[in-house]
Amino acid sequence: MEKDADGFYAPASADAAEAPAVAAAAAGSSEIPATEEKHEDPSASNLIKSTFEVSVTLADQQADPHSPLYSAKTFEELGLHQDLLKGIYDMGFSKPSKIQERALPLLLSNPPQNFIGQSQSGTGKTAAFVLTMLSRVDFSLNKPQALCLAPSRELARQIMSVVVAMGKFTNVQTEYAIKDNLPKGASNVTAHIIVGTPGTLTDLIKRRVIDVSEVKVFVLDEADSMLDQDGLGDQTLRVKNMLPRNRPVQIILFSATFPDNVRTFANKFAPNANKIELQKTELSVDSIRQFYMDCRNEDHKYDVLVSLYHLLTIGQSIIFCQHRHTADRIAQRMTAEGHKVASLHGAKDAAERDAIIDSFREGREKVLITTNVIARGIDILQVNMVVNYDLPLMNERGDNRNRDDARPDIETYIHRIGRTGRFGRKGISINFVHDKRTWGQMEQIEKATGKHIIRIETHDLDEMEEQMKKALK
Ligand SMILES: Nc1ncnc2c1ncn2[C@@H]1O[C@H](COP(=O)(O)OP(=O)(O)OP(=O)(O)O)[C@@H](O)[C@H]1O
């Protein structure tokens, strides 16, 4: 049943890799004011200093009706509680994004109705469901009332940091349901909002550590992966089946992607839902410029990656590999050759995973070599480059082990490149292809997403730098 080696799609044991969590610094905090802002390399590291400046004109984007960030409304008009408005402004948000503007009235209306929401990566879905959870909680009742599930411990921790930041002016109490960070004591979690991963939450409910009798809201972030039956679907369903039947529970599903095979199940999982959906051609944001490099063979991919190192460290970069051992091997080799890189995947223990992602989030590491484990949801604004060292693949059974019948995993591709270009920022993705098969797979990705992928010569680093400057301008 395990779909991926990295806990991203893994079953109960996926949670096994989870650990102590801190309500990290507000992951959601926006650094973009409503006017133009320049971002220079924020890192204090002594690596090569940025020569590029990335300018973002959020006000312009929020005024453009074709942008997913467009908004005709203000947060005040969305009927949010004063304490939540304070939290939102404290995070630096000035106007809702399109998904927030459209989803919040539907999410907050009474009686509560189920909701299925789709919007491109980095367009503010988290705030929409976090505000809903915070709005529906009765803070005078010390029992779990909202549950939120995500496919990885890293994402659960990030969501929690948004709950804490947005709920800063409320009396909200929170608790994790992720491995190695379990509630203290054997029973009676009194927190209002629980954020976790499905295996651990199932376990805590079964052991009666978490009482779900007062739960009113059940959120699935990255809902398509959470409902995919080859992945976390069974466990998520198990959680749903443990929720109270004698009272309505509002079910909320969000993702940037909803492939057809999951959409049908999503409709059953959240019946009679209000829906906001994207067209197939709108799946990724235009601010991400996509490139590819035609490498000679597997070994050459490594050389090309190394040759890109100074470009990778201009902002921050995420390098995606299909397997853990590839991530480790590349990281070890690059480190031995004097480059500073970190690697993160599901085989590492929970504490180490937390330390690595925190260090990357804080800009202490600039290059993160990883697997699909952080392909979804992770929001680090300084990431301006994503490299698909291996293209994301899956076979008919939905796993990625056997390469012979592998086809490109379009959804994972969209999520991976979506780690850059967050909330109107510019970003770059580079695919490495190295033979006819990978070339064909990339063509399929290009066709499916409807976005042109531009060739860059592997030996022409000046051109690469030129293209990068242009793309990030
Ligand atoms: N209204 C807003 N104004 C300014 N910044 C915002 C606003 N809403 C969200 N953001 C910021 O935009 C970034 C992306 O938001 P978020 O992580 O919720 O995206 P997402 O749609 O969930 O993406 P993904 O599909 O990758 O999970 C975050 O840094 C968040 O703080």
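For the structure itself, consult the block above.
Along each chain, the written sequence defines residue order, and numbers are assigned to residues from 1. Only residues with pLDDT of at least 70 get local features here, since the model is predicted, and only at 80 or more are side-chain atom pairs given and counted; chain-wide, interface and lining totals rely on the full set of residues. Excluding hydrogens and water, the side-chain figures rest on all heavy atoms present in the structure.

Caption draft 1: Geometry of the packing of aromatic side chains. By convention, a stacked pair of Phe, Tyr or Trp rings (six-membered ring in the case of Trp) has centres within 6.5 Å and planes under 30 degrees apart, an edge-to-face pair has planes over 60 apart, and any other such pair is tilted. Summed over the entire model, instances satisfying the criterion amount to seven aromatic pairs. Summarising the aromatic geometry, the rings of F129 and F254 are spaced 5.9 Å apart at their centres and angled 40 degrees between planes, so their arrangement reads as tilted. Placement of the pair is F129 in helix α5 (residues 125–136) and F254 in strand β8 (residues 250–255), with a sequence separation of 125 residues. With a 1.4 Å probe rolled over the protein chains alone, any residue whose accessible area is under 20% of its type maximum counts as buried; one over 50% counts as exposed, and the rest are partly exposed. Owing to a relative accessible area of 0%, F129 belongs among the buried residues under this scheme. For the pair Y389 and F432, a centre-to-centre distance of 5.7 Å together with 55 degrees between the ring planes defines the contact as tilted. Here Y389 is found in the loop between β14 (383–388) and β15 (393–394), whereas its partner F432 is found in strand β17 (residues 427–433), with 43 residues between them in sequence. An aromatic cluster of at least three residues, connected via ring pairs, comprises F115, F129 and F254. Positioned over the ring face of F269 is K240, at 4.9 Å from the centre of the ring. Only when the NZ of Lys or the CZ of Arg is both within 6 Å of the ring centre and within 35 degrees of the ring normal is a charge said to sit over the ring. The residue whose ring lies beneath R333 is Y302, and the NZ or CZ to ring-centre distance is 3.7 Å. Helix and strand definitions here come from DSSP, where helices need a minimum of 4 consecutive H or I residues and strands a minimum of 2 consecutive E residues; each element is numbered from the N-terminal end.

Caption draft 2: Looking closely at a positive patch on the surface. There is a patch of like positive charges on the surface, built from R289, K469, K470 and K473. Tracing the chain through its elements places K470 in helix α17 (residues 461–472). According to the relative accessible area criterion, K470 is exposed, its value standing at 54%. The patches described consist of residues with a relative accessible area above 30% and no salt bridge, like charges being joined within 9 Å and nonpolar side chains (Val, Leu, Ile, Met, Phe, Trp, Tyr) within 5 Å. All accessible areas in this document rest on Shrake-Rupley with a 1.4 Å probe, and a residue is counted as covered only by the protein chains that are shown. By definition, a salt bridge exists where a carboxyl oxygen of Asp or Glu is found within 4 Å of a side-chain nitrogen of Lys or Arg. Just so you know, the count uses Lys and Arg for positive and Asp and Glu for negative, and it drops His and the chain ends. For this purpose, a charge sits on NZ of Lys, CZ of Arg, CG of Asp or CD of Glu.

Caption draft 3: Looking closely at the pairing of strand β11 (residues 316–320). The buried count for β11 comes to five of five residues, which makes it a mostly enclosed element. In β11, alternate side chains face the same way, and those of Q316, I318 and F320 on one face and S317 and I319 on the other are all buried. Any two strands are treated as partners once DSSP identifies two or more bridges connecting them. When β11 meets β14, the two strands line up parallel, connected through five bridges. Within β14, the residue paired with I318 across the bridge is V386. Pairing geometry for β11 and strand β13 (residues 367–370), over four bridges, is parallel. Paired with I319 across the bridge in β13 is I369.

Caption draft 4: The sheet that holds strand β6 (residues 193–196), seen in detail. As summarised here, the arrangement of the seven strands in space is β5-β6-β4-β7-β8-β3-β9, forming an open sheet in which the pairing is parallel. Both outer strands of the open sheet, β5 (174–177) and β9 (274–276), are each paired with one neighbouring strand and no more. Across the sheet, the mean angle from the axis of one strand to that of its neighbour is 15 degrees, orientation sign disregarded. Two elements, strand β3 (residues 115–118) and β8, share four bridges in a ladder whose sense is parallel. The residue of β8 that forms the bridge with G117 is F254. Under this scheme, a helix contributes an axis fitted over its contacting stretch, all axes are lines through C-alpha atoms, and angles between N-to-C directions fall in the 0 to 180 degree range.

Caption draft 5: How the structure looks around the nonpolar core. By size, the foremost hydrophobic cluster in this structure holds 58 residues, and its most contacted members are M133 and M166. The greatest single-element share of this core, amounting to eight residues, is contributed by helix α6 (residues 153–166). Setting aside anything within four residues of it in sequence, one finds M133 in contact with A146, L147, C148, V163, I193, V217 and V219. Residues belong to a common nonpolar core when they are buried Ala, Val, Leu, Ile, Met, Phe, Trp, Tyr or Cys residues joined through side-chain atoms within 4.5 Å. Contacts are assigned to residue pairs that have any heavy atoms within 4.5 Å of one another.

Caption draft 6: The packing of helix α9 (residues 233–242) against helix α10 (residues 260–269), seen in detail. It is the contact of α9 with α10, at a shortest axis distance of 12 Å, that shows an interaxial angle of 10 degrees. As far as their axial angle goes, α10 and α9 are roughly parallel. Taking contact as the criterion, the partners of T236, L237 and K240 in α9 are, on α10, F265, K268 and F269. Looking at the contact of α9 with α10 residue by residue, the class counts come to three nonpolar, one polar and two charged. Note that the term roughly parallel is reserved for angles under 35 degrees, roughly antiparallel for angles over 145, roughly perpendicular for angles of 65 to 115, and oblique for everything else. Lys, Arg, Asp and Glu make up the charged group, whereas Ala, Val, Leu, Ile, Met, Phe, Trp, Tyr, Cys and Pro make up the nonpolar group; the residues left over, Gly among them, are polar.

Caption draft 7: Layout of the pattern of salt bridges. Evaluated as defined, the whole model comprises 24 salt bridges. Between R353 and E154 there is a salt bridge, with the nearest N and O atoms lying 2.8 Å from each other. Of the two residues, R353 is situated in helix α14 (residues 350–361) and E154 in helix α6; the sequence distance between them amounts to 199 residues. There is no split in this pair, since R353 and E154 are both buried. Residue D224 is joined to R376 by a salt bridge in which the shortest nitrogen-to-oxygen separation is 2.8 Å. Separated by 152 residues along the polypeptide, D224 in helix α8 (residues 223–227) and R376 in the loop between β13 and β14 bring together distant segments of the chain. The same class applies to D224 as to R376, namely buried. Through salt bridges with shared partners, a single network forms among R153, R157, D354 and D358.

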